[in-house]
Amino acid sequence: MEVKVHVDPEVGLPDRNANTKAVVDMFGSPPGWQEGQPFDSSHTKWFLRQVVMQNEQLLAEMDSQTKIPAIPLKNGDIGLAWKNVNFKTTDSKGNEKVILQNCWGNIKPGTLVALMGPSGCGKSTLLDILAQKKTTPYDGDVFSNGHDVTGDRFFPRYATYVPQADLMHESLTVRETVAADGALKNPHPKNVEEDPEVRSLVLDMYLSALGLSHVKDTLIGGEHRRGVSGGQKRRVTLARGLVTGAQLMFADEPTSGLSATDAETCIKVLRFLTRRVGLTAIVVIHQPRIEVAELFDHLIMMTADPMTYGGSTVYNGPMSEAMEYCRQVGYPVPERANVVDWMMDVISPGYKHMLVKQGKKMVDESVRDFVSYFKMNVQPTLRTEVLNAMAVKRMHPKDLAVNKWEGIQRLASSDMSRHFPIPRPNSVNATSPWRQMLILAILKLKLLQRDAKGLRMRLGMSVFQACILGIAFYDIASSAEIMHMQFLFLVMQMVAMGGMQVMPALVDARTIMKKEVGEALYGVGPWIAIMGVIDGLVTLLSSSVFVVIVYACGGMDWSNFGMFYLYLVMLILVMDAYFSLIAAVAKTGELAQVTALPLMIMFMMYNGFLVTRATVPEFMVWALYCSPFYYCISNLARDLYENVPDCAGCQVVIDTYGFDESPSKGIGILVLAVMFVLFRFLQIVALIKLNNPKN
């Protein structure tokens, strides 16, 4: 039985009494519940468990005819309308190419839409425009619930975009991945103790709705680690959008690369979500088989000849009426043929379909017929429908996103409802920066824990390198002071170079970060803070192991170790910030390492030891003052050897390398701090401005 949830017309949100009755009608009475009584903690948990079980049962039995009851968790329905969308590009010769022309559409709430057409017809371009992912200018307007969403920075709060590639950390489990997105978009109220069982049950509810309950504790997997299948990974991506409470979903070819069975399961899940929680989904898809096509409610078909009709709509209506539409245009669907396959044949420019081969039609005649019929007979009515939809203002999707838990809060008692999330109302991100950093830190530590082998290998390499260098400079402390400088220089060089090995991993993490920041899960600042701190601590740990072993082998005075270690830490912080900046600028990990080398070489050459203040040409003195190595080595040498009584060799070090002309310790530390801040600031700018997805 399909249960209709009563919606309060004043606020657009479910009424408590009506919601309680809907739940009882759907699942029966919770144990210990009396009529008219709001749900307490045990009743709410019982309800969520019933939803999980029903989800699993419905998905197992579902086909295109299955009636799927809605649950009282809708935060209000969101529709989408667009008018006169046009997009053109210019090639290298200055020739203009039409990608989209005069596109109109109106999608009602809770609809599953197939956006189809031959290659080059502009379907992915239209999807990017509707999803507000287009990074180049276009003409036209996009409205949701009667509100213009063009350039709306709050759009990611209530809409989610599923790209062709599944970008996730392969070392996290399905549950951890989806839970993190839920926590970032659904913050727990302050000063209220969270009920972990409720959050867990809500998460299980979403996982069961996507058929992922049986793999929830399986790693995502990837190139370097086994995990879930490709179809399951695609459903995890859908789950990440759903758990955030998004009411609009845009999916760019979610079935690409999947088997026929996995593709059908993916679309079944989307149909289930449109019925179950009122999701509105627009999906770019290539010629689905008939069982998959029948799962869609609505079809938008486009054609692809850029010289004449490129980017034109040839059908925009219910999937169930597509066959009759073809007959009206004069191209009836052959018996036992898939209607979308037939439409793709007759609207693909240059394709010799059955009627052309039989001599009944000329090549591309069917394309012209479909475009003309749509413009003459469908588009005028569609325009009126779009304009009417844009004129009716309902609750703004942003307000619906903020109050997305209102449905279940009105179902529960006032004491129980305090435990449900309260997203920040006037921010692009639902959670505070501090909350974002906490969740990101937990995820980063889990990734480190899962990569324990890599961490052990890194520490092992530090020990190995330390032994090699320690043996080479064994008991260097007993040699003349001038010989100590080789030792100090090599230690600092090897410590500073340690950060280069993590640059490819930083570039990979950046790719995932770009996608997640685009979905408004968190900001760039919190991500940099957590990655910088945790990666810095790991680098510091491996460097510390290296330094202690080398220092002990060298037989150096341990009373000076604290000062020696302090300068090394400052150098590590600056160089780690430098490598992070390059990783933010470069397109690939390999290119990042190549890009970092020129400036790195200059830093190491003009360091006060290889090129000294006494030997540097006057026109290159600036290079010394730009090198963080110079401030560390010169200040360390002055602390160790300047004004040491009864030590002629100490003064030789100062005079030979010109350290007496180097900046004071205070200035040196200040310059290193400025370098650190500058590199991190430029990293933030680079992460925001560069290497963004080009749509």
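The shown structure was predicted, so the numbers you read here are calculated from the model rather than taken from an experiment. (Residues numbered from 1 in each chain as written. Predicted model: local features only at pLDDT ≥ 70, side-chain atom pairs only at ≥ 80, totals over all residues. Heavy atoms only, no water.)

Give a detailed account of the overall build of the protein chain, specifying residues and quantitative values.
Secondary structure summary: the protein chain contains 27 helices and 12 strands in total. Accessible surface for the protein chain amounts to roughly 30,000 Å². Of this, 57% is attributable to carbon and sulfur atoms. (Helix = DSSP H or I, 4+ residues; strand = E, 2+ residues; numbered from the N terminus. Areas by Shrake-Rupley, 256 points an atom, 1.4 Å probe, with all protein chains shown as cover.)

Explain the packing of aromatic side chains to me, using residue names and the numbers behind them.
As enumerated under the stated definition, the model contains 20 aromatic pairs in all. A centroid spacing of 5.0 Å and a plane angle of 75° characterise the contact between Tyr551 and Phe561, whose relative ring orientation is edge-to-face. Here Tyr551, found in helix H21 (residues 524–554), pairs with Phe561, found in helix H22 (residues 561–585); they are 10 residues apart in sequence, far enough to count as distant. The two residues Tyr551 and Phe561 agree in class, both being buried. Taken together through their ring pairs, the aromatic side chains of Tyr315, Tyr325, Tyr331, Phe370 and Tyr373 make up a single cluster. (Phe/Tyr/Trp six-rings, centres within 6.5 Å; stacked < 30°, edge-to-face > 60°. Buried < 20%, exposed > 50% of the residue type's maximum accessible area, 1.4 Å probe, protein only.)

An account of the nonpolar core is needed here, citing residue identities and associated values.
Ile267, Leu273, Phe296, Leu299, Met301, Met343 and Phe370 are the most contacted members of the largest nonpolar core, which has 85 residues in total. Excluding residues that lie within four positions of it along the chain, Phe296 makes contacts with Leu112, Val113, Ala114, Ile267, Arg271, Val283, Ile285 and Met319. (Core = buried A, V, L, I, M, F, W, Y, C linked by side-chain atoms within 4.5 Å. Contact = heavy atoms within 4.5 Å.)

Please give an account of a nonpolar patch on the surface that cites residues and values.
A cluster of nonpolar side chains, namely Met457, Met461, Phe464 and Ile468, defines an oily patch on the protein surface of about 430 Å² accessible area. By secondary structure assignment, the location of Met457 is in helix H18 (residues 452–472). What makes Met457 exposed here is its relative accessible area of 52%. (Patch = residues over 30% accessible without salt bridge, like charges linked within 9 Å, V, L, I, M, F, W, Y side chains within 5 Å. Salt bridge = Lys/Arg side-chain N within 4 Å of Asp/Glu carboxyl O.)

Residue-level account of the pairing of strand E10 (residues 280–284), with values.
For E10, the tally of buried residues reaches five of five residues, placing the bulk of the element in the interior. Where burial is concerned, the two faces of E10 agree: the one with Thr280, Ile282 and Val284 and the one with Ala281 and Val283 are both buried. Relative to E10, strand E9 (residues 248–252) runs parallel, the two being bridged by five bridges. Residue pairing in the sheet places Asp252 in a bridge with Val284 of E10. (Pairing = 2+ DSSP bridges.)

Outline the pattern of salt bridges, listing residues and values.
Enumeration according to the criterion identifies 22 salt bridges in this entry. Ionic pairing is found between Asp166 and Arg234, a salt bridge with its closest N-O pair at 2.8 Å. In this pair, Asp166 is assigned in the loop between strand E8 (159–162) and helix H5 (174–185) and Arg234 in helix H7 (residues 230–243), connecting sequence segments 68 residues apart. With relative accessibility at 4%, the residue Arg234 sits in the buried group. Of the charged contacts, one joins Arg275 and Asp297 as a salt bridge, the two residues approaching to 2.5 Å between their closest N and O atoms. Taken together, the residues span a long stretch of sequence, with Arg275 in helix H8 (residues 260–276) and Asp297 in the loop between helix H9 (290–293) and strand E11 (298–302) at a distance of 22 residues.

I'd love a proper account of helix H27 (residues 665–689), names of residues and values included.
Between its first and last C-alpha atoms H27 spans 36 Å; for 25 residues at 1.5 Å apiece the expected length is 36 Å, and the two agree. Looking only at H27, the buried set comprises Gly668, Val671, Leu672, Met675, Phe679, Arg680, Gln683, Ala686 and Leu687. Those residues of H27 hidden inside the fold are in contact with helix H20 (503–518), H21, H22, helix H23 (589–605), helix H24 (621–626) and helix H25 (628–641). Where H27 ends, the next residue or the one after it, Asn691, has phi of about 55°, a positive value. (Expected span 1.5 Å × (residues − 1).)

For the sheet that holds strand E3 (residues 80–90), give the residues involved together with the corresponding values.
The strand order E4-E3-E6-E7 describes an open sheet built from four strands, whose pairing is antiparallel. Looking at the sheet topology across the chains shown, the edges are occupied by strand E4 (96–107) and strand E7 (147–148). Bridge count between strand E6 (residues 139–144) and E7: two bridges; the pairing is antiparallel. For Ser144, the partnering residue across the bridge sits in E7 and is His147. Contacts from helix H3 (residues 123–130) reach E3, E4 and E6 within the one sheet, and its direction differs from that of E3 by about 125°. Set on the sheet, helix H13 (residues 365–391) makes contact with E3, E4 and E6; between it and E4 the angle comes to about 65°. (Axes fitted to C-alpha atoms, helices over the stretch in contact; angles between N-to-C directions.)

Can you explain the pairing of E3? Please cite residues and give values.
Across eight bridges, the pairing between E3 and E4 is antiparallel. From the neighbouring strand, Lys88 faces E4, where its bridge partner is Val98. The turn linking E3 back onto E4 is made up of five residues, and Gly94 within it adopts a positive phi angle of 90°. Of the pairings in the sheet, the one linking E3 to E6 comprises four bridges and is antiparallel in character. Bridge pairing links Ala81 to Phe143 in E6.

Account for the environment of Lys133, naming residues and giving values.
Structurally, Lys133 is set in the loop between H3 and E6. Within polar-contact distance, the side chain of Lys133 engages the backbone oxygen of Gly518 at 3.3 Å. Looking at Lys133, its side chain comes within polar contact range of the side chain of Glu519, at 3.4 Å. (Polar contact = N/O pair within 3.5 Å; in protein donor to acceptor, adjacent residues only side chain to side chain.)

Describe in detail the side chain of Lys123, supporting the description with residues and values.
Assignment of secondary structure puts Lys123 in helix H3. Within the buried core, Lys123 has no salt-bridge partner, and the shortest N-O distance to an opposite charge, that of Glu253, equals 5.3 Å. For Lys123, the side chain forms a polar contact with the main-chain oxygen of Pro118, separated by 3.4 Å. With residues up to four places along the chain from it excluded, the contact list for Lys123 reads Leu115, Met116, Gly117, Pro118, Val284, His286 and Met302. (Lys, Arg positive; Asp, Glu negative; His and termini not counted.)

Quick rundown of the sheet that holds E10? Include the residues and the values.
If you trace the six strands from one edge of the open sheet to the other, you get E8-E9-E10-E5-E11-E12, paired in mixed fashion. Edge positions in the sheet fall to E8 and strand E12 (313–318), since each of these pairs with one other strand and no more. The average undirected angle you get between the axes of adjacent strands in this sheet is 10°. Sheet analysis places E11 next to E12, joined by five bridges and oriented antiparallel. Across the sheet, Met302 pairs through a bridge with Thr313, a residue of E12.

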